[in-house]
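Here is what each chain is made of, one letter per residue.
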Amino acid sequence: MTQPPFDPYSRPMRPVEHPQAGPQMPYPSPYPGQMRDVDQHTAALPRPTAVVVSFVLWLLTALSWPVGSLVRTLAEDGAVTGFGPIMALFTSACLAVAYVWGAVLLLGGSYHARLGLCGGALVIGVLALAAAIVAARDGDTTGVSWVVIVLRLALPAAASAFSFLPGTRQYFSGS
């Protein structure tokens, strides 16, 4: 025996059963017992001092790129003219924005921001190391340029070290 094709209008429609006002039957809970008073309150995990120090060092790292590029250009050329110095300032300003964004996320407890900052500092550190090698080969680099180069190498290393101190693990484990 074959059935006819489905016809949505052939069967009577049932009304929707909306919940009624008044006392309701309690739903059986899969969890035993009620919440205790101690379960009603949560406590924020205090921010370790190493995270705050790391945040400050990441901000200084961020500032070392645009300010350092400006100072080096003014010390070596005397003025910011031409396409090269302007693009160096623009690129370093974009890098600084990325560092500040990562540092703010790091201060908020983002584990991924900590990894991103340290990984980015490793990649950008190669550029800073290349600048140090080129400056050493040229021999006509000013003392101000050496200070900028050393700060660009030392600040991210110190910030990374503070980011991974033993007291910071629990703070970053929540995200």
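Residues numbered from 1 in each chain as written. Predicted model: local features only at pLDDT ≥ 70, side-chain atom pairs only at ≥ 80, totals over all residues. Heavy atoms only, no water.

Visitor: Residue-level account of the packing of aromatic side chains, with values.
Guide: Tallied over the full model, the rule gives two aromatic pairs. Arranged with centres 5.8 Å apart and planes meeting at 20°, the rings of W58 and Y99 form a pair that is stacked. Taken together, the residues W58 in helix α1 (residues 49-64) and Y99 in helix α3 (residues 83-107) connect sequence positions 41 residues apart. Take W58 and Y99: they sit in the same class, and that class is buried. (Phe/Tyr/Trp six-rings, centres within 6.5 Å; stacked < 30°, edge-to-face > 60°. Helix = DSSP H or I, 4+ residues; strand = E, 2+ residues; numbered from the N terminus. Buried < 20%, exposed > 50% of the residue type's maximum accessible area, 1.4 Å probe, protein only.)

Visitor: Provide a residue-level description of the nonpolar core, including the pertinent values.
Guide: In terms of nonpolar packing, the biggest core is built from 20 residues, with W58, W65, Y99 and L106 touching the most fellow members. Other than its neighbours up to four places away in sequence, W65 contacts S92, L95, Y99, I124, A128 and R152. (Core = buried A, V, L, I, M, F, W, Y, C linked by side-chain atoms within 4.5 Å. Contact = heavy atoms within 4.5 Å.)

Visitor: Provide a residue-level description of the packing of helix α4 (residues 111-138) against helix α5 (residues 143-163), including the pertinent values.
Guide: In contact at an axis separation of 9 Å, α4 and α5 are set at 155° when each is read in the N-to-C sense. The orientation of α4 relative to α5 falls into the category roughly antiparallel. The hand of the α4/α5 crossing is left-handed. Only W146, I149, R152, L153, P156, S160 and S163 of α5 make contact with α4, whose side of the interface consists of R114, C118, A121, G125, A128, L129, A131, A132, A135 and A136. Of the residues that constitute the contact of α4 with α5, the class distribution is twelve nonpolar, three polar and two charged. (Axes fitted to C-alpha atoms, helices over the stretch in contact; angles between N-to-C directions. Parallel < 35°, antiparallel > 145°, perpendicular 65-115°, else oblique. Left-handed = near helix turned anticlockwise from the far one by under 90°. Nonpolar A, V, L, I, M, F, W, Y, C, P; charged D, E, K, R; others polar.)

Visitor: Which residues make up the packing of helix α2 (residues 66-76) against α3, and what values do they have?
Guide: At a minimum axis distance of 8 Å, the contact between α2 and α3 shows a crossing angle of 160°. In terms of axis orientation, α2 runs roughly antiparallel to α3. As for the relative orientation of α2 and α3, their crossing is right-handed in sense. Residue-level inspection shows P66, S69, L70 and T73 of α2 in contact with α3, the latter providing P85, A88, L89, S92, A93 and A96. Across the contact of α2 with α3, the residue classes tally to seven nonpolar, three polar and no charged.

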